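Residue strings, one per chain:
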Amino acid sequence: MTIQIADCSLRDGGYVGNKNFSKEFIDAVMSGLVKAGIDLIETGFLQTNVTGETLVYADSKDVLRNIPSERGTSEFLGFCDNSRYCIEKLDDCTGKSFKTLKISFAKYESESALQFCQNAMKKGYKVFVQPMDANGYTMEEREDMLKKVNAFKPAAFAIVDTFGTMYLDDLTRIFKQIDSLLDKDIKVALHTHNNLCIANALAEHLIDLCVEADRSVVVDGSLLGMARGAGNACTEALAAYVNSRYKGKYNLPSLFETIERYIVPVKKENEWGYDIPMFICGVKKSHVDNIRWLEKNTDCNYSDMYQVIGNLELEKRKRYGKNYSKTDFSLLENAYNLYKGGEK
């Protein structure tokens, strides 16, 4: 079995810079991660709609512009959201930029996404199957998906805590089901968010569970936890944990230097990490943009946010508009108006 760390600083962290960090920043972060010996490094976003952002790519050839000449032992990863990319745009794998592609998708689009995963494998890619919101699946739904995944044998199947709702016992329950049903040759991966202030604890717990089960594992992190909202697990802390407990050989000073020179200045200008609004997102299983809308458009205090989000139906909290719209907040606005009206 193997323990690997996948760094998402330029992908999930890319949201912090609107997917448009400078070339100097991208090069420095990639170089620092390579020098540290981080196993897997996400490169940004594959999208059908490419409008010039430095971390958005049309295909694997496009990613080459940001791949360093010195790769060390690190491997680079592609990433796409099933709803924002299509198989027709994906070129055949040459291995020159990335060999492995993470494909993320919501539950309602799982059938088309699993077909996308299979088609990407036919083009020569290793695939990480990334169903969002692991806590949103019933045991029966997850069992059905695992049977389908076993049939085409991707490189990894991920537990994705999209809304930062997961506690340790949730992860244990989900992992045990996956371990009992998933082909042993398929790695288990984990992507966490820090809404409940336990993103690293979850990742460390999964490592321990996988070691005990003799199953290969990949845990995601980002430097200083950089990502929108509550942030991710911290790559540097994961590296220290693996070094301490499992004889890892990650170069921590390289991570510290990269964080101090490049990530800390970004954090001074951009907010991410645990706070009470992000905690409310985790407790109420809500998308971060619901909280951001309330902060921008209302006078809600923390208690108000807790009540307004709680008044939305559970499934409506996970997206932020009618018919999965990313711009229509009318459902949330109605919930806010009803709440404020009830106060009078």
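Please refer to the structure higher up on the page.
Within each chain, residues carry numbers counting from 1 in the order of the written sequence. Owing to the predicted nature of the model, reporting of local features is limited to residues with pLDDT of at least 70; listing and counting of side-chain atom pairs is limited to 80 or more, with chain, interface and lining totals taken over all residues. The side-chain values count all of the structure's non-hydrogen atoms but skip hydrogen atoms and water molecules.

Enquirer: So, the overall build of the protein: which residues are in play, and what are the values?
Expert: Numbering of helices and strands runs from the N terminus, with a helix taken as a DSSP run of H or I at least four residues long and a strand as a DSSP run of E at least two residues long. A count of helices and strands for the protein gives 13 helices and 10 strands. In this description the radius of gyration comes from C-alpha coordinates, and the expected globular size is given by 2.2 Å times residues to the power 0.38. By the compact-globule yardstick of 20 Å for 344 residues, the protein fits well, its C-alpha radius of gyration being 20 Å. Residue burial in the protein is summarised as follows: out of 344 residues, 57% are buried. We call two residues contacting when some pair of their heavy atoms lies within 4.5 Å. Contacts spanning at least 24 positions in sequence make up 73% of the contacts within the protein whose residues lie at least 6 apart. Areas reported as accessible are Shrake-Rupley estimates using a 1.4 Å probe. Residue values count occlusion only from the protein chains shown. Put simply, the protein shows about 14,800 Å² of open surface, and 49% of that area lies on carbon and sulfur atoms. Neither His nor the chain ends contribute to the count of charged residues, in which Lys and Arg are positive and Asp and Glu negative. Throughout, a charge is located at the NZ atom of Lys, the CZ atom of Arg, the CG atom of Asp or the CD atom of Glu. The average position of the 44 basic charges and that of the 48 acidic charges among the side chains of the protein differ by 2 Å. Note on classification: 1.4 Å probe, protein chains only; a residue is buried when its accessible area is under 20% of the maximum for its type, exposed when over 50%, partly exposed between these limits.

Enquirer: I'd like a rundown of a nonpolar patch on the surface, residues and numbers included.
Expert: Like charges are joined within 9 Å and nonpolar side chains (Val, Leu, Ile, Met, Phe, Trp, Tyr) within 5 Å, but only among residues with over 30% relative accessible area and no salt bridge; these make up the patches. By convention in these notes, a salt bridge is any Lys or Arg side-chain nitrogen within 4 Å of a carboxyl oxygen on Asp or Glu. A grouping of Tyr274, Ile276 and Tyr302 is seen on the molecular surface, where their side chains present a nonpolar patch of about 280 Å² in accessible area. Mapping Tyr274 onto the fold places it in the loop between helix 8 (252–269) and helix 9 (276–284). We classify Tyr274 as partly exposed; its relative accessible area is 38%.

Enquirer: Residue-level account of the nonpolar core, with values.
Expert: Ile159 and Leu206 are the most contacted members of the largest nonpolar core, which has 78 residues in total. Here this core takes eight residues from helix 1 (residues 23–36), the largest share from any one element. Excluding anything up to four places from it in sequence, Leu206 contacts Ile159, Leu171, Phe175, Val188, Ala189, Leu190, Val217 and Val219. Residues belong to one nonpolar core when they are buried, are Ala, Val, Leu, Ile, Met, Phe, Trp, Tyr or Cys, and are joined through side-chain atoms within 4.5 Å. Counting 18 residues, the second largest nonpolar core, distinct from the first, contains Ala230, Ile280, Leu294 and Cys300.

Enquirer: Before we move on, could you go through helix 4 (residues 139–152) and cite the residues and values that matter?
Expert: Between the first and last C-alpha of helix 4 there are 21 Å, a value that for 14 residues agrees with the 20 Å anticipated at 1.5 Å per step. Among all positions of helix 4, only Arg142, Met145, Leu146, Val149, Asn150 and Phe152 are buried. Down the axis of helix 4, the sector holding all buried residues measures 155°, keeping them to one side. Along helix 4, exposed side chains directed more than 90 degrees from the buried face belong to Glu140, Lys147 and Ala151. Residues of helix 4 that are buried make contact with strand 6 (100–105), helix 3 (110–122), strand 7 (126–131), strand 8 (156–160) and helix 5 (168–181). Looking one or two residues past helix 4, Lys153 carries a phi angle of roughly 50°, positive in sign. A helix is expected to span 1.5 Å for every residue after the first. The arc in question is the one traced by the directions running from the helix axis out to the C-beta atoms.

Enquirer: Describe the side chain of Asn195, naming the residues involved and giving the relevant values.
Expert: Looking at the element boundaries, Asn195 is found in the loop between strand 9 (187–191) and helix 6 (199–213). By the criterion applied in these results, polar contacts are pairs of N or O atoms within 3.5 Å in which, for protein atoms, one can donate a hydrogen and the other can accept it, and in which residues neighboring in sequence qualify only through two side-chain atoms. Here the side chain of Asn195 touches Met278 through a polar contact of 2.7 Å, landing on its backbone oxygen.

Enquirer: Lay out the packing of aromatic side chains with the relevant residues and their values.
Expert: Geometry of aromatic contacts follows a simple scheme: Phe, Tyr and Trp rings, the Trp one being its six-membered ring, pair when their centres are within 6.5 Å, and the pair is stacked under 30 degrees between planes, edge-to-face over 60, tilted otherwise. Applying the stated criterion to the full structure yields nine aromatic pairs. With a centroid separation of 6.3 Å and an interplanar angle of 65°, the aromatic rings of Tyr241 and Tyr246 are classed as edge-to-face. For Tyr246, a relative accessible area of 28% puts it in the partly exposed group. For the pair Trp293 and Phe329, a centre-to-centre distance of 6.1 Å together with 15° between the ring planes defines the contact as stacked. Of this pair, Trp293 sits in helix 10 (residues 288–297) while Phe329 sits in the loop between helix 12 (314–318) and helix 13 (330–343), and the two are 36 residues apart along the sequence. By the ring-pair criterion, three or more aromatic residues cluster together here, those being Tyr15, Phe45 and Phe79. Note on criteria: charge over ring means Lys NZ or Arg CZ within 6 Å of the ring centre, with the direction from the centre no more than 35 degrees off the ring normal. In this arrangement the basic side chain of Lys107 is found over the ring face of Tyr137, its NZ or CZ atom lying 5.3 Å from the centre. Positioned above the aromatic ring of Trp272 is the side chain of Lys267, whose terminal nitrogen or guanidinium carbon lies 4.4 Å from the ring centre.

Enquirer: Tell me about the side chain of Thr165, residues and numbers included.
Expert: Its place among the elements puts Thr165 in the loop between strand 8 and helix 5. Polar contacts involving the side chain of Thr165 include one to the side chain of Asn135, which spans 3.0 Å. With residues near it in sequence (within four places) discarded, Thr165 still touches Asn135, Asp170, Leu196, Gly282 and Lys285.

Enquirer: Account for the environment of Arg215, with residues named and values stated.
Expert: Within the element layout of this structure, Arg215 appears in the loop between helix 6 and strand 10 (217–221). Residue classification places Arg215 among the buried positions, given a relative accessible area of 0%. Counting along the chain gives 213 residues from Arg215 to Thr2, while the straight-line C-alpha distance between them is 7.5 Å. Setting aside anything within four residues of it in sequence, one finds Arg215 in contact with Met1, Phe175, Ile178, Asp179, Leu182, Asp183, Lys184, Ile186, Val188 and Cys210. Polar contacts involving the side chain of Arg215 include one to the main-chain carbonyl oxygen of Asp183, which spans 3.1 Å. A polar contact is formed between the side chain of Arg215 and the backbone oxygen of Ile186, at a distance of 2.8 Å.

These results come straight from atomic positions and should not be treated as a statement about function.
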